[in-house]
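An overview of the molecular structure
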Amino acid sequence: MRDSWLIRARRAACERLLPFALRLGSPTLAAMVASGMLRRKGTGKRLNVLAIAKDVFEQDLDALAAYGNQVQYHVLSINTLRSVLFACVGQDLDGVRGDNYHETEAGQAARQRYYDFLTSFLQVLNRLMKFDAVIGCNFGQVALQEFSRAVHNSELPYIIYFKEGIPIPERLDEYCALYEAGYMPKRIFADAVLVNSATGAEMISRMTINGLLPENIYAVGAPRLDSYRIKPSVKSERPSLVVFPFDPHVAFFYFKELWAQDERFQLRCNEVSGADSKLMDSLSENAIEIYRSIIAFARSRPDVDIVFKSKRNCRSKEFLNEAIVDVTGSPISDFSMDNVSWTDDWVAEDLIRKATAVISLNSMTTVEAILAGKPVFVPELSNVFQGKPWSFFHDFPNLVGHIESEADLIIYFDRVLRYEWQVEETEREAFLKRYTTVGGVNLSTNAFEDVLVSTVELNTRQGKTARLKHVAGTLREKEQV
C-alpha cells in the first residue's frame with residue numbers, strides 16, 4: 001500500500017533536515033529526524049524491526065511485507081548511515097575498506113567518533129520506535145562496521161542478510177578462499193546470518209571470521225523470489241527472448257584458473273595482470289560471439305522481441321557493443337531495431353515472467369527463470385573450461401539448452417514455440433533446492449521470519465538470564481558484606 005501524501009511530505013522534509021542535524025553533531029536530533037525518514041513495510045504485530053536497506057534487499061523487504069504476517073519493518077537506507085559516517089569521519093577513512101577494516105589502524109579516532117554517535121543515535125531511535133531487532137544488508141560495507149558493533153552492544157539482536165551471488169558447489173573452495181581474503185571483514189557482530197541459498201550458507205560456514213558462529217548461519221532463500229511461487233504465470237502476446245548479458249569477469253571471477261598472483265584478485269579492479277590471459281581472452285571472444293548470434297537471430301526473426309537487461313555501468317555492455325559494431329557497423333548508441341530494446345532497471349521479475357525464453361549465466365536471474373518455469377539457454381563454454389564445472393547446470397544438463405551459434409538459438413527457441421520444451425520436475429526441484437534452499441513451493445518469507453522470531457526470543461531469554469545472574473551475584477556480594 002502506498003504511503004499517504006502527508007507521510008511522503010514528512011519523509012521528504014526529514015531528509016532535508018538530516019544534514020543540518022549532522023552539522024550540529026547532535027545524535028538526538030539526527031535520530032528524531034531519521035525516525036521520520038523510516039518507511040514502514042508490513043503489518044505484522046509480533047516483531048518491530050529496523051531494516052538497513054540497499055538496492056535489491058528492498059525487493060526482499062517488499063516481499064517480506066507482502067507475504068509475511070509476523071513482522072513490521074521500518075526501513076532506513078544505508079545511504080543515511082553513509083551520511084552519518086561521512087559527517088563523523090570526513091576523509092579520515094581513505095583507503096579503509098570492509099575487508100581490511102579490522103586489520104588497519106587507519107582512522108581509529110574517526111571510527112570511535114562514528115561509533116559513539118551511533119550508540120547515542122540508536123538509543124534515541126529505539127526509544128522512539130521500540131524495535132525488537134535490527135537487520136543489516138550484508139556485512140562488508142564500511143558504514144555497517146561500527147553500526148553492527150553499536151547494535152551488538154545494545155540490547156537489540158543484530159541479524160545480517162547475506163544476499164550476494166550463489167557459488168557453484170564444485171567451486172566452493174575457490175569462492176571461499178577468494179571471498180574471505182578479498183571481500184569479507186575479519187570481524188562481524190551478528191546474532192544470526194541469513195543466506196539466500198544452501199551453497200551460500202555452506203560457503204560462509206567454511207570461512208574463519210571472528211564472531212561468525214556456524215550455528216548462527218541459516219539458509220532461508222531469497223524472499224523476493226516468493227512472488228514467482230505465488231503469482232500466476234504470464235504469457236506475452238508476442239514471443240520474446242530476454243537476455244541478461246554476461247561478463248566473464250563477473251560470471252567466473254572466483255574460478256582459480258582466472259586468479260591473479262595477488263590474492264585479492266586483480267579482476268576486482270578490472271585488471272587481468274597475472275591471470276591466465278589466454279583463457280580470459282577466449283571467454284571474452286565467446287561472449288562477443290554469443291551476442292553476435294543473438295543480434296543475428298533478432299534480424300532473422302522480426303516476430304520475436306529481444307530485450308537486453310543489464311546492470312547499470314557494467315562491462316557486459318562493452319562486449320555487446322563490440323558484437324553490434326561487428327554485425328551492423330554501428331555502435332550500440334546508434335543501433336536501432338524495432339524488435340530489440342534495452343533496460344538497466346533493477347527489477348528483472350516482470351521481464352522474466354513475460355518471457356518466452358531467457359538467456360542467462362551463473363546469475364540469480366538464471367534461478368529466477370527456472371523458478372518461473374521459463375526455458376533457459378546458456379552459452380556453451382565446456383570447450384573453454386575443458387570439462388571442469390563452470391555452470392549452475394553442471395549437475396542438471398537437461399534443464400537448459402546450450403547455445404554456441406544463431407542456429408542453436410533458432411532450434412531451441414522454435415522447440416519452445418512448438419511446445420516441445422520439457423524438463424523433468426524432479427530435476428527442476430533438485431536444482432531449486434540447491435540454489436534457493438526452499439525449493440519450488442515453500443516460501444522463503446516463512447523461513448526468514450521464523451529465524452527472526454526465534455533469534456529475538458533467544459536473545460530475550462538470554463538477556464533475562466544474564467540480568468538474573470547479575471542480580472543474584474549482587475545479592476551474594478551484599479550477603480558476604
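Conventions and cut-offs
- Residues numbered from 1 in each chain as written.
- Predicted model: local features only at pLDDT ≥ 70, side-chain atom pairs only at ≥ 80, totals over all residues.
- Heavy atoms only, no water.
- Helix = DSSP H or I, 4+ residues; strand = E, 2+ residues; numbered from the N terminus.
- Rg over C-alpha atoms; globule rule 2.2 N^0.38 Å.
- Buried < 20%, exposed > 50% of the residue type's maximum accessible area, 1.4 Å probe, protein only.
- Areas by Shrake-Rupley, 256 points an atom, 1.4 Å probe, with all protein chains shown as cover.
- Lys, Arg positive; Asp, Glu negative; His and termini not counted.
- Charge placed at Lys NZ, Arg CZ, Asp CG, Glu CD.
- Patch = residues over 30% accessible without salt bridge, like charges linked within 9 Å, V, L, I, M, F, W, Y side chains within 5 Å.
- Salt bridge = Lys/Arg side-chain N within 4 Å of Asp/Glu carboxyl O.
- Pairing = 2+ DSSP bridges.
- Axes fitted to C-alpha atoms, helices over the stretch in contact; angles between N-to-C directions.
- Contact = heavy atoms within 4.5 Å.
- Expected span 1.5 Å × (residues − 1).
- pLDDT = per-residue confidence, 0-100.

1. Notes on the overall build of the protein chain
- Across its full length, the protein chain carries 18 helices and 13 strands.
- Over its C-alpha atoms the protein chain spans a radius of gyration of 25 Å, differing by no more than 12% from the 23 Å that the globule rule assigns to 481 residues.
- Projecting the C-alpha coordinates of the protein chain onto the three principal axes gives extents of approximately 90 × 50 × 45 Å.
- Buried residues in the protein chain amount to 52% of all 481 residues.
- When the accessible surface of the protein chain is totalled, it reaches about 22,300 Å², and 50% of it is carbon and sulfur.
- Considering the protein chain, the positive charge centre built from 56 side chains and the negative charge centre built from 62 side chains are found 8 Å apart.

2. A look at a nonpolar patch on the surface
- Taken together, the side chains of Leu17, Phe20 and Leu24 define a hydrophobic patch exposed on the protein surface, amounting to about 290 Å² of accessible area.
- Mapped onto the elements, Leu24 comes out in helix 1 (residues 5–24).
- Classification of Leu24 as exposed rests on a relative accessible area of 52%.

3. Details of the pattern of salt bridges
- All told, the structure shown has 24 salt bridges when counted by the stated rule.
- Here Lys41 makes a salt bridge to Asp62, at a shortest N to O gap of 2.6 Å. Here the residue Lys41 occupies a position in strand 1 (residues 39–41), and Asp62 occupies one in helix 3 (residues 57–67), the gap between them amounting to 21 residues.
- For Lys41, a relative accessible area of 12% translates into the label buried.
- Classification of Asp62 as partly exposed rests on a relative accessible area of 40%.

4. Considering the sheet that holds strand 12 (residues 376–379)
- Spatially, the six strands line up as an open sheet ordered 10-9-8-11-12-13, and their pairing is parallel. Because the sheet does not close on itself, it has two edges, and the strands there are strand 10 (340–343) and strand 13 (400–403). With direction set aside, neighbouring strand axes in the sheet form an average angle of 25°.
- With four bridges connecting them, strand 9 (residues 305–309) and strand 10 associate as parallel partners. Looking at the pairing, Ile306 lines up with Val340 of strand 10.
- Contacting strand 8 (240–243), strand 11 (357–359), strand 12 and strand 13, helix 16 (residues 406–417) crosses the sheet at an angle of about 155° to strand 13.

5. A word on helix 16
- With twelve residues, helix 16 extends 16 Å between its outermost C-alpha atoms, agreeing within 8% with the 16 Å of an ideal straight helix rising 1.5 Å per residue.
- Among the residues of helix 16, Leu409, Tyr412, Phe413, Asp414 and Val416 are the ones counted as buried.
- Just downstream of helix 16, Tyr419 is the residue with a positive phi angle, here 60°.

6. So, the confidence of the model for the protein chain
- For the protein chain, per-residue confidence averages 87 on the pLDDT scale, and residues scoring 70 or more make up 91% of the total.
- Taken together, the stretch residues 267–274 has pLDDT below 50 and engages in 16 contacts with residues farther than four places along the chain or on a different chain.
- Taken as a whole, residues 470–479 scores under 50 in pLDDT and shows zero contacts with residues more than four places along the chain or in a different chain.

7. Some points on unusual backbone geometry
- A positive phi is found at Lys130, a non-glycine position, where the angle reads about 55°.
- Looking at the element boundaries, Lys130 is found in the loop between helix 5 (108–129) and strand 4 (133–137).
- Of note in the backbone geometry, Asn138 takes a positive phi value of approximately 65° without being a glycine.
- Residue placement: Asn138 occurs in the loop between strand 4 and helix 6 (142–152).

8. Brief notes about the sheet that holds strand 5 (residues 158–162)
- Strand order in the open sheet made by the seven strands is 1-3-2-4-5-6-7, with mixed pairing throughout. Unpaired on one side and paired on the other, strand 1 and strand 7 (217–219) mark the two borders of the sheet. Strand-to-strand twist in this sheet, taken as the mean axis angle between neighbours without regard to direction, amounts to 25°.

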